[in-house]
Amino acid sequence: MATKYNLPASISLQRKIVNKLMTVLVIIAVALAIIPLILILGDVFMRGAPALSIGFLARAQNPLHVSSGGIANAIVGTFTMVGIAALISVPIGIGAGIFFSEWSNSKLSTFSGFMNDVLTGFPSIVLGLFVYVIIVLPSKQFSAFAGGIALSFVMLPIIARTTGESLKLVPMTLREASLALGIPRWKTVLRIVISTGKNGLLTGILLAVARATGETAPILLTASTSIYFAKSIFQPTASMTVLIYNYATSPYPSQQTQAWGAALVLILIMLALNLLVKLTVGRKIKGARMYA
Amino acid sequence: MLGGTIKISKNKNFDSTTAKLSTKDLKANFGKVQVLKGINLSFPENQVTAIMGPSGCGKTTLIRCLNRIHELTPNAKVEGEVTLDGVNIYSPQVDPVAIRRRIGMVFQKANPFPTMSIFENTIAGLKLAGVRNKETLDQVAERSLRMAFLWDEVKDDLKKSGVDLSGGQQQRLCIARALAVEPEVILMDEPCSALDPIATAKIEESIVALKKEFTIIIVTHNMQQAARVSDFTAFMYLGQLIEFGTTSEVFEKPKSELTEKYITGKFG
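Residues numbered from 1 in each chain as written. Chains lettered and ligands numbered in written order. Predicted model: local features only at pLDDT ≥ 70, side-chain atom pairs only at ≥ 80, totals over all residues.

Asks: Before we move on, could you go through the overall build of chain B and cite the residues and values that matter?
Replies: What chain B contains, in helices and strands, is 11 helices and 10 strands. Over its C-alpha atoms chain B spans a radius of gyration of 18 Å, differing by no more than 12% from the 18 Å that the globule rule assigns to 268 residues. Principal-axis analysis of the C-alpha atoms gives chain B an extent of 55 × 45 × 30 Å. Per-residue burial over chain B gives 48% buried out of 268 residues. Considering only intrachain contacts with a sequence separation of at least 6, the fraction spanning at least 24 residues in chain B is 68%. (Helix = DSSP H or I, 4+ residues; strand = E, 2+ residues; numbered from the N terminus. Rg over C-alpha atoms; globule rule 2.2 N^0.38 Å. Buried ≥ 20, exposed ≤ 12 C-beta atoms within 10 Å, placed from the backbone. Contact = placed C-beta atoms within 7 Å.)

Quick look at the structure:
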């Protein structure tokens, strides 16, 4: 007689089959997610590698003889604008994130958190349009500066939200431990809370930088494009994404190859950034051993 | 073995006006819930006072009011007075940060700063207050770790991360950290509740040694621990102080029936 504690063999087998089936489905899902990524990387690598050379990276565009030119001015342009954007959005974003985390009970926090999340999903071309109207039109000038401002709108909500969430994960008991030592609240936040949550902060900044580096639409409307190195940030500048756009749609094969080369360089920069953060910040904070 | 050589003060008439720390009609609530209903309690200097009572009686809230940590919780309110050396720490002119330097706290679950080493954890309070002199910091670290009975176990590896220690060692590290800022009073919220008997014994040993220089207030669920380490005992129930006296009095000749019932285990 089968007691209620003994499973009949048939149910046990059925469960094993369902288990296996689910495992297979999940593996297929992962494969479906990763395969396109690998294909794209492979494709970009194959099409872009022929364009790569030291000259490609070090020389500016040469409009007369394209294949002897390079994309150096575009690389510098992208870095400049992302740099300006980071200078603006990192301090403000971290400040906002601290507010979201440490004053999470206030109505202002809830409201601005909501607005922040709306801004995260904003179409970036609209952000570009906004900067076009408030900076480019009055100054009658496309500029790297305007491009940087537009990118900072893209980066800011990402940094604010990830900072806020990372700091919220820091246990309350650590704040109390610090306060109980007679350390004032602002120092507790800056020295203890932030340093405990710094992995999350840096990841958020990296995510924001990666996103900004890959933006095209806002840059089109603010920094436009150029075939020269910009002499100041108040001039138009080339950028890698706009260059890819221009060259890829051109009728000249040499430009198309360079577009792939630029795409490859862009992706390699992303990978390098990721690696950099993993190496410097990636050591996990060792979990506490709870009991002896 | 542990309780044998503790001297319990025979001064049954200890004058509450010369207490190190005392409360007057202390009330505390979380939003609408009144947790402390008017506590009048005095803590003698350089003695260990245990606060015991069943869960929910308000003992943790009480000590969190003593170093002004309770008011940091959202919707928390405190009324009444808490006097340290004759000065009301809740008066508007008093800086809560300064009070917390003088009244330190050790929490129920050890909470060393995870991004810091053992050494950095110990001197964290000093370093963040601006003390930079390396010699001073080294000396204070050694002294504090010795007083917490942790020095011998960690002296060869002070750079190890603070969270790489066992639970009992982490708690002793937290005690050392609290000691380093040289408070006058140390509040302990069930410091041994998450620890095994051997780690507990080490901490109790340090508590008894510390009372020479500090006034110690320890919340405990464990009656035997109260009997082992404390000189005075307060018994609380549902937000009120039921009884206070020397430990031997409270345990052997309790004045209140409620106390007697708790001690004999009829409820708890």
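Asks: Talk me through the nonpolar core; I want residue IDs and the actual numbers.
Replies: All names here are of chain A. Membership of the largest hydrophobic core comes to 141 residues, with the highest contact counts inside it found for Met155 and Ala262. No other element matches helix α6 (residues 144–168), which puts 14 residues into this core. Not counting residues up to four positions away in its chain, the partners in contact with Met155 are Ala85, Ala86, Ser89, Gly93, Ala208, Arg211 and Ala212. (Core = buried A, V, L, I, M, F, W, Y, C linked by C-beta atoms within 7 Å.)

Asks: Let's hear about the interface of chain B and chain A: which residues, and what values?
Replies: By convention, interface size is frequently given as the accessible area that disappears when the constituent parts associate. Taken together, the contact pairs 31 residues of chain B with 23 residues of chain A. Residue assignment for the side of chain B that touches chain A shows that the elements contributing at least two residues are α2 (96–102), β6 (103–106), α4 (124–128) and α7 (167–180) of chain B.

Asks: Give me the lowdown on helix α8 (residues 197–210) of chain B, citing residues and values where you can.
Replies: Residue and element names in this part refer to chain B. The terminal C-alpha atoms of α8 lie 20 Å apart, and with 14 residues this matches the ideal 20 Å at 1.5 Å per residue to within 8%. Those residues of α8 not exposed but buried are Ala199, Thr200, Lys202, Ile203, Glu204, Ser206, Ile207, Val208 and Leu210. Along its buried surface, α8 packs onto β3 (48–52), α5 (134–147), α7, β7 (185–189), β8 (215–220) and α9 (223–229). (Expected span 1.5 Å × (residues − 1).)

Asks: How would you summarise the environment of A:Glu215 if you had to cite specific residues and measurements?
Replies: All names here are of chain A. Tracing the backbone through its elements, the reader meets Glu215 in the loop between α9 (198–213) and α10 (217–222). Under the C-beta neighbour-count criterion, Glu215 is labelled buried, with 25 such atoms within 10 Å. C-alpha of Glu215 to C-alpha of Lys107: the two residues are 108 residues apart in sequence and 33 Å apart in space. If we ignore the near neighbours within four places in the chain, the residues touching Glu215 are Ser124, Leu151, Val154 and Thr241.

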